[in-house]
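# Report on the structure
In case you want the letters, here they are:
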Amino acid sequence: MTMPLSILDLAPIAPGQTVRESFANSVRLAQAAEANGYTRVWYAEHHNMQTIASSATSVLIGHVADHTSTIRLGSGGVMLPNHSPLAIAEQFGTLAELHPGRIDLGLGRAPGSDQNTARAMRRDPRSSDQFPEDVLELQAFLRGESIVPGVQAVPGGGTNVPLYILGSSLFGARLAAALGLPYAFASHFAPDSLHEAMALYRSEFRPSRQLAEPYAIAAVNVIASDDEADARIQFETTRRARVRSLIARGPSAIDAVPIHYSDDQIDAFLTTSEGRNIANMMRYSAVGTASEVRSFLEDFATSVQADELIIAHQSRDIEDRLRSVVLTAEAMRELQPAD
């Protein structure tokens, strides 16, 4: 596969499914990605979300690594302000020692949760402000060049786990450029600043010990199916589920009896201003047959000068998701990365 493709997996918990089943599906997804030439699979740190099981990112990475052989695995990302740099260096240093040459560490500065959950995690509201300093401290721990007197990461020191900056705004692009790190933009759910952020990253990039030239990754949703109509139905199901999830995190979430919204109610909501804003979150979505997905991804990669695409395969059913993984890989084998 000449255009590097990767996968973002949130370990989704489908209706009627257990967390354990979700983890088993994540293993199957990574194994399919490995067999079909994908570069890496990343897992995102989210908290207090009933449909996402990837909160303990490093633990999940270790589990999947034990059931795969060659594919890179990492965080997409660890929300660093939720943790101390030393603790993350030790966790990912452990992974790197157990699975050498296969571990990535993507870093974000958002809480990955709502305000109440952030307080439950003992997160300091000001911790995001020191994100750049924390990245440098973490990087030093992993290099074995600690900037904290008398403190070393064991395991971790000398593993040089590669760092990636994740973002959905210009802040992350500017930081990644200044530190000479790869940059991944979360355009699969926050598309508005994608092109501006990618251009800024490339224009301001400074070479570093880790990276000589800019390396930009763009995230995109994909539902590939053998039948176009089936892919469209899957997409509508996924979009409705996202709306339900976001509504559940709003004021109605505190009700004693959860509110269930019908498909018709969700579709009506999507015609409102707020609903259209939510729909816009999935603006960059390739939906259809393999050839239709390839056409979308080719145009998308070219428009943002992506060096790699990281794909959120959004099919709700695991068998459909695995089929999407295979079809997308087959369709993209001849696509060249942007110059």
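Before going into details, it helps to say that this report is about the structure given with it. (Residues numbered from 1 in each chain as written. Predicted model: local features only at pLDDT ≥ 70, side-chain atom pairs only at ≥ 80, totals over all residues. Heavy atoms only, no water.)

## Examining the overall build of the protein
In terms of regular secondary structure, the protein is built from 12 helices and nine strands. Over its C-alpha atoms, taken along the principal directions, the protein stretches across nearly 60 × 50 × 40 Å. Looking at the protein as a whole, 50% of its 339 residues qualify as buried. Of the roughly 15,200 Å² of accessible surface on the protein, 52% is carried by carbon and sulfur atoms. Placing the 28 positive and 40 negative side-chain charges of the protein at their respective mean positions leaves the two points 3 Å apart. (Helix = DSSP H or I, 4+ residues; strand = E, 2+ residues; numbered from the N terminus. Buried < 20%, exposed > 50% of the residue type's maximum accessible area, 1.4 Å probe, protein only. Areas by Shrake-Rupley, 256 points an atom, 1.4 Å probe, with all protein chains shown as cover. Lys, Arg positive; Asp, Glu negative; His and termini not counted. Charge placed at Lys NZ, Arg CZ, Asp CG, Glu CD.)

## Side note on helix 3 (residues 85-98)
Taking 1.5 Å per residue, 14 residues should reach 20 Å; helix 3 reaches 20 Å between its end C-alpha atoms and fits that length. The set of residues buried in helix 3 consists of Pro85, Ile88, Ala89, Phe92, Gly93, Leu95 and Ala96. One side of helix 3 carries all its buried residues, which in axial view fall inside an arc of 160°. Opposite its buried face, helix 3 presents the exposed residues Glu97 and Leu98, each directed more than 90 degrees away. Here the buried face of helix 3 lies against helix 2 (57-66), strand 3 (72-79), strand 4 (103-108) and helix 5 (131-143). (Expected span 1.5 Å × (residues − 1). Arc of directions from axis to C-beta. Contact = heavy atoms within 4.5 Å.)

## Focus: the packing of aromatic side chains
Tallied over the entire structure, the rule returns six aromatic pairs. Judged by centre distance (6.3 Å) and plane angle (70°), the ring pair of Tyr183 and Phe185 falls under edge-to-face. Measuring from ring centre to ring centre gives 5.7 Å for Tyr201 and Phe205, while their planes differ by 75°; the resulting arrangement is edge-to-face. Note on Tyr201: relative accessible area 0%, which makes it buried. Its relative accessible area of 12% is what places Phe205 among the buried residues. Among the aromatic residues, ring-to-ring pairing joins Tyr183, Phe185, Tyr201 and Phe205 into one connected group. Across from the ring centre of Phe171, 3.7 Å away, lies the NZ or CZ of Arg109, which sits over that ring. (Phe/Tyr/Trp six-rings, centres within 6.5 Å; stacked < 30°, edge-to-face > 60°. Lys NZ or Arg CZ within 6 Å of the ring centre and 35° of its normal.)

## Section: the packing of helix 2 against helix 3
Geometrically, a packed helix pair is captured by the angle between its two axes and the distance between the axes. One way to put it is that helix 2 packs onto helix 3 with a least axis distance of 10 Å and a crossing angle of 5°. The angle between helix 2 and helix 3 places the two elements in the roughly parallel class. Here Ser58, Ile61 and Gly62 of helix 2 come into contact with helix 3, specifically with Gln91, Phe92 and Leu95. Each residue belonging to the contact of helix 2 with helix 3 can be placed in one class, and the counts come to three nonpolar, three polar and no charged. (Axes fitted to C-alpha atoms, helices over the stretch in contact; angles between N-to-C directions. Parallel < 35°, antiparallel > 145°, perpendicular 65-115°, else oblique. Nonpolar A, V, L, I, M, F, W, Y, C, P; charged D, E, K, R; others polar.)

## Structural notes on the pairing of strand 1 (residues 5-9)
Most of strand 1 is tucked away, with five of its five residues classed as buried. Here strand 1 shows two buried faces, one formed by Leu5, Ile7 and Asp9 and the other by Ser6 and Leu8. In this structure, strand 1 lies alongside strand 9 (residues 308-313), joined through three bridges in parallel fashion. Within strand 9, the residue paired with Ser6 across the bridge is Ile310. Relative to strand 2 (residues 40-43), strand 1 runs parallel, the two sharing three bridges. In the sheet register, Asp9 faces strand 2, and the bridge partner there is Tyr43. (Pairing = 2+ DSSP bridges.)

## Description of the nonpolar core
By size, the foremost hydrophobic cluster in this structure holds 74 residues, and its most contacted members are Leu105, Leu107, Leu138, Tyr183, Tyr201, Leu297 and Leu309. Look past the residues within four positions of Leu138 in its chain and what remains in contact with it is Leu80, Pro85, Ile88, Ala89, Leu105, Leu107 and Leu163. Grouped together as the second largest cluster of nonpolar side chains are nine residues, Trp42, Ala44, Ile217 and Ile310 included. (Core = buried A, V, L, I, M, F, W, Y, C linked by side-chain atoms within 4.5 Å.)

## As for the pairing of strand 2
Burial along strand 2 is two-sided: Arg40 and Trp42 and Val41 and Tyr43, pointing in opposite directions, are all buried. This β-α-β element, strand 1 to helix 1 (residues 19-35) to strand 2, shows right-handed connectivity. Sheet topology note: the strand 2/strand 3 ladder contains four bridges and is parallel. Counterpart to Tyr43 in the pairing with strand 3 is Ser75. Tracing the backbone out of strand 2, into helix 2 and back to the parallel element strand 3 gives a crossover that is right-handed. (Right-handed = clockwise from strand over helix to strand, strands pointing away.)

## Focus: the side chain of His313
Among the structural elements, His313 can be located in strand 9. Residue classification places His313 among the buried residues on the basis of a relative accessible area of 7%. Among the polar contacts made by the side chain of His313, one reaches the side chain of Tyr38 at a distance of 3.4 Å. Looking at His313, its side chain comes within polar contact range of the side chain of Ser324, at 2.9 Å. Apart from the residues lying within four places of it in its own chain, the contact partners of His313 are Ile7, Tyr38, Val222, Arg321, Ser324, Val325 and Thr328. (Polar contact = N/O pair within 3.5 Å; in protein donor to acceptor, adjacent residues only side chain to side chain.)

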